[in-house]
Amino acid sequence: MLGSQVLLAVTDGLEVIGTDLREAHGVAAVGYDLADAVALERLLGEFGPFTGVIHTAAYTAVDKAEEEPELAARVNGEACRALASACAAQRIPLVVVSTDFVFDGNARTPYAEDHPTNPLSVYGKTKLAGEIAAREAHPGGTRIVRTQWLYGPRGKHFPRTMLQLAQERDQLRVVSDQIGSPTSTLELAPALWDVLLEGEAGVYHAACEGSCSWFDLAVATLEHSGTEGVTVEPCTTEEFPRPAHRPPYSVLDCSRLAALRGAPLAPWEDALKTYLGTDPS
Ligand SMILES: NC(=O)c1ccc[n+]([C@@H]2O[C@H](COP(=O)([O-])OP(=O)(O)OC[C@H]3O[C@@H](n4cnc5c(N)ncnc54)[C@H](OP(=O)(O)O)[C@@H]3O)[C@@H](O)[C@H]2O)c1
């Protein structure tokens, strides 16, 4: 979802290579397993020198990760260390995309970058391990960008699922006790380029402005897409249990990113309308 949008948002004058994807919307693309350190070295050697690397690949199946902790640790943790070591050797900056799942969700005000982490899921723990590994391997060059609740023109995500379900049912039940900031990849991708090219090493939080519940996001998605005749009912997390723990509150304080770019990302509802206008599927 995010990686393909990052390729499309590349800053003018830079050539971009997408790994993992065989075909990538007119930009050069190659397939590699980023958890394979030897393959990674070959990748950077073959196609470099690079200006920098934006790392968006991850083991992202949050619930399945509870059953596959070793694989999640390899992809989310060890791959970050290998990639950061390779970038350190080439003296190039690295952006590692991370997640609000590094927090436990017990706060009630937006999380600052230096708020203590306490991941409660395998996914969150392995993503935090990746953050730590990358910063250890490349302290002067690693920029961690934590984001949340992503959706965009490609990939599987919540607004798309709601629109699909609305074709099949006339009533949806959606949890209303988890609060976060829906974030469009159309907003986030350009910000990642800015962090790579203009940012300093350290942690940035990056999410659209404002916050809501999944229930609010479902209602807004149906409303702004013009979907009629479907009722959305709120329910609790308890009523809709999942294998992995979700942070009940994970709004991120994104002021560091706003200071770097001179403006915050768009308000979440505006970004949603833009997305729905460009991708009404
Ligand atoms: N989605 C969200 O709501 C969200 C929220 C917070 C943070 N994030 C973070 O944002 C980043 C992008 O997430 P996304 O939503 O765009 O995820 P996504 O659509 O699942 O994309 C992840 C990509 O990583 C690739 N990948 C997995 N293991 C790999 C490996 N060993 N080598 C090479 N490629 C590998 C996958 O390829 P295959 O499909 O071929 O396996 C997939 O293309 C991730 O770091 C994620 O943790 C996402």
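What counts, and at which threshold
- Residues numbered from 1 in each chain as written.
- Predicted model: local features only at pLDDT ≥ 70, side-chain atom pairs only at ≥ 80, totals over all residues.
- Buried ≥ 20, exposed ≤ 12 C-beta atoms within 10 Å, placed from the backbone.
- Helix = DSSP H or I, 4+ residues; strand = E, 2+ residues; numbered from the N terminus.
- Near = placed C-beta within 6 Å.
- Nonpolar A, V, L, I, M, F, W, Y, C, P; charged D, E, K, R; others polar.
- Core = buried A, V, L, I, M, F, W, Y, C linked by C-beta atoms within 7 Å.
- Contact = placed C-beta atoms within 7 Å.

K.L.:
Any chance you could explain helix α7 (residues 214-224) here in plain terms?
P.N.:
Because the α-helix completes a turn every 3.6 residues, residues three or four places apart line up on one side. Here α7 has its buried residues at W214, L217, A218, V219, A220, T221 and L222. The first or second residue beyond α7 is G226, which carries a positive phi of 80°.

K.L.:
Mind showing me how you'd approach the environment of G31 here?
P.N.:
As for its placement among the helices and strands, G31 is situated in the loop between β2 (28-30) and α2 (37-47). Judged by local crowding, G31 falls into the exposed class, with 11 C-beta atoms found within 10 Å. Spatially, the C-alpha atom of G31 lies 26 Å from that of I132, the residues being 101 residues apart in sequence.

K.L.:
Would you mind showing me how to read the site of the ligand here?
P.N.:
Lining the immediate environment of the ligand, one finds 22 residues, of which M1, L2, A57, A58 and L150 sit closest. Along the lines of polarity and charge, the residues of the shell around the ligand split into twelve nonpolar, seven polar and three charged.

K.L.:
Hey, could you run me through the nonpolar core in this one?
P.N.:
Within soluble globular proteins, side chains that are nonpolar tend to cluster in buried spots. Judged by nonpolar contacts, the single largest core of 72 residues is most densely connected at L83, V95, L192 and A206. Counting residues per element, this core draws most heavily on helix α3 (residues 69-90), at nine residues. Those residues within four positions of L83 in sequence are excluded, and the remaining contacts are L34, L40, V53, H55 and L94.

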